[in-house]
Amino acid sequence: FTITNSPPLQTLYAGTNVTLFITLGDPTLMSNVVNLSLSVLPPGFGAHFSTNAVTGTGQAMLTMSISNSVRPYLYVFSVNGASAGVTHMAFFKINVLPPPVINGAAVVGKNFIFNGTGGSPGVAYQVLEAGNVTLPLDEWTVVATNFFDGDGGFNFSGDMSAPEQFFRLRVR
């Protein structure tokens, strides 16, 4: 049997998820069951196959979660397929980028303004707002969506009329 994955390289930020497609081929048409596993994950990574076994030719999705605690680095993983005492591997890489950096912030009148660098050019980001900094991320409100400029820079200006407001940047 053969085993391949797509895409072989993903570049993303910590705190995101990625889905890879694992494709199994069966050139002998014997319809063997191939059991899938993944190399040991470093701390901060999670993984889940849509199915752990594929019969004959088929595909499985591998969803990986990368927590905010994962450090920037190029990580290499292997997907292992085992059938009838034979193991084949397909390798893939996840390039975790450093987070964007806020370089400046100011309150001008009733507007809160901040800007920064270090984003991936053309990648979408969102500015989130909440009145309570301890709220779970899914309870923050999206107040702006934009794209990092050609140099990876970003700017935001938003209304600050509430007595307590907190803002955060989320890379999509």
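Residues numbered from 1 in each chain as written. Predicted model: local features only at pLDDT ≥ 70, side-chain atom pairs only at ≥ 80, totals over all residues. Heavy atoms only, no water.

**Regarding the overall build of the protein**
Right, so step 1: Within the protein, the secondary structure is distributed over zero helices and 15 strands.
Right, so step 2: Since a compact globule built from 172 residues should have a radius of gyration of about 16 Å, the 21 Å found for the protein marks it as more spread out than a globular shape.
Right, so step 3: Along the first, second and third principal axes, the C-alpha set of the protein runs to 70 × 30 × 25 Å.
Right, so step 4: For the protein, contacts bridging at least 24 residues in sequence account for 60% of all contacts bridging at least 6.
Right, so step 5: Taken as a whole, the protein presents about 9,700 Å² of accessible surface, with 56% of it coming from carbon and sulfur.
Right, so step 6: Averaging the coordinates of the 6 positive side-chain charges in the protein and doing the same for the 8 negative ones gives two points 6 Å apart. (Helix = DSSP H or I, 4+ residues; strand = E, 2+ residues; numbered from the N terminus. Rg over C-alpha atoms; globule rule 2.2 N^0.38 Å. Contact = heavy atoms within 4.5 Å. Areas by Shrake-Rupley, 256 points an atom, 1.4 Å probe, with all protein chains shown as cover. Lys, Arg positive; Asp, Glu negative; His and termini not counted. Charge placed at Lys NZ, Arg CZ, Asp CG, Glu CD.)

**Section: a nonpolar patch on the surface**
Right, so step 1: On the surface, Val76, Met89 and Phe91 cluster together into a nonpolar patch covering about 310 Å² of accessible area.
Right, so step 2: Inspection of the secondary structure puts Phe91 in strand S9 (residues 86-97). (Patch = residues over 30% accessible without salt bridge, like charges linked within 9 Å, V, L, I, M, F, W, Y side chains within 5 Å. Salt bridge = Lys/Arg side-chain N within 4 Å of Asp/Glu carboxyl O.)

**Things to note about the packing of aromatic side chains**
Two measures describe an aromatic ring pair: the distance that separates the ring centres and the angle between the ring planes.
Right, so step 1: The tally for this structure, following the rule as stated, stands at twelve aromatic pairs.
Right, so step 2: Seen in terms of ring centroids, Phe112 and Phe114 are 5.6 Å apart; in terms of plane orientation they differ by 45°. Their pairing is tilted.
Right, so step 3: Its relative accessible area of 17% is what places Phe112 among the buried residues.
Right, so step 4: Three or more aromatic residues link up through ring pairs in this structure, and these residues are Phe112, Phe114, Tyr125, Phe148, Phe154, Phe156 and Phe167.
Right, so step 5: A cation over a ring is seen here: Arg168 above Trp140, with NZ or CZ 5.3 Å from the ring centre. (Phe/Tyr/Trp six-rings, centres within 6.5 Å; stacked < 30°, edge-to-face > 60°. Buried < 20%, exposed > 50% of the residue type's maximum accessible area, 1.4 Å probe, protein only. Lys NZ or Arg CZ within 6 Å of the ring centre and 35° of its normal.)

**Some words on the environment of Ser83**
Right, so step 1: The topology assignment puts Ser83 in strand S8 (residues 73-83).
Right, so step 2: Between the C-alpha atom of Ser83 and that of Ala60, which follows or precedes it by 23 residues, the distance is 16 Å.
Right, so step 3: Ignoring sequence-local partners within four residues, the contact set of Ser83 consists of Phe1, Asn32, Val33 and Val34.

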